[in-house]
Amino acid sequence: MLRRCVGCGARVEKAHLRRVVLVEGRVEADPAQRRPGRGAYVCDGACARRAVARSGFQRSFRSAVRIDADLVDSV
Ligand SMILES: [Zn+2]
């Protein structure tokens, strides 16, 4: 299943991406890709950083999101 990385825009097989999930307005890592809730995908930490810089998570989740400083390292 292809998913779009919200950092670089590449379409990549879901298994090769890191999932993040929106939990009560906060973006959190989902290493096992099993957490409930709305998900978004990034290639790696660098793309997570890109997504943060370009408001990619806000766009993907269509809402304001909080992003903790450690998110980029935790994906
Ligand atoms: Zn990417």
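Definitions and limits used
Residues numbered from 1 in each chain as written. Predicted model: local features only at pLDDT ≥ 70, side-chain atom pairs only at ≥ 80, totals over all residues. Heavy atoms only, no water. Pairing = 2+ DSSP bridges. Helix = DSSP H or I, 4+ residues; strand = E, 2+ residues; numbered from the N terminus. Donors = N, O, S within 2.8 Å, 3.2 Å for Na, K, Ca; no water. Tetrahedral: all angles 85-135°; square planar, octahedral: opposite > 155°, others 65-115°. Buried < 20%, exposed > 50% of the residue type's maximum accessible area, 1.4 Å probe, protein only.

**Examining the pairing of strand E3 (residues 18-23)**
Here's step 1: Sheet analysis places E3 next to strand E5 (residues 39-42), joined by four bridges and oriented antiparallel. By the bridge assignment, Arg-18 is partnered in E5 with Val-42.
Here's step 2: Relative to strand E4 (residues 26-30), E3 is paired through five bridges, and the arrangement is antiparallel. Counterpart to Arg-19 in the pairing with E4 is Asp-30.
Here's step 3: Hairpin remark: E3 followed by E4, antiparallel, with two residues in the connecting loop; positive phi at Glu-24, about 50°.

**Observations concerning the coordination of the zinc ion**
Here's step 1: Coordination sphere of the zinc ion, protein contribution only: Cys-5 (SG), Cys-8 (SG), Cys-43 (SG) and Cys-47 (SG), at 2.3 Å.
Here's step 2: Here the zinc ion is ringed by four donor atoms whose angles at the metal span 105 to 115°, and the overall shape comes out tetrahedral.
Here's step 3: Along the chain, the residues that donate to the zinc ion are spaced as C-x2-C-x34-C-x3-C. Of this pair, Cys-8 sits in the loop between strand E1 (2-4) and strand E2 (11-13) while Cys-47 sits in helix H1 (residues 45-53); the two residues are 39 residues apart in sequence, bridging distant segments of the chain.
Here's step 4: What makes Cys-8 partly exposed here is its relative accessible area of 41%.

**Overview of the sheet that holds strand E6 (residues 66-67)**
Each strand in a sheet pairs with its neighbour through backbone hydrogen bonds, running either in the same direction (parallel) or in the opposite one (antiparallel).
Here's step 1: An order of E5-E3-E4-E6 is seen for the four strands of this open sheet, with the pairing classed as mixed. Each end of this open sheet is capped by a strand with a single partner; those strands are E5 and E6.
Here's step 2: Strand direction decides the pairing type here: E4 and E6, joined by two bridges, are parallel. Following the sheet pairing, Arg-26 is matched in E6 by Arg-66.

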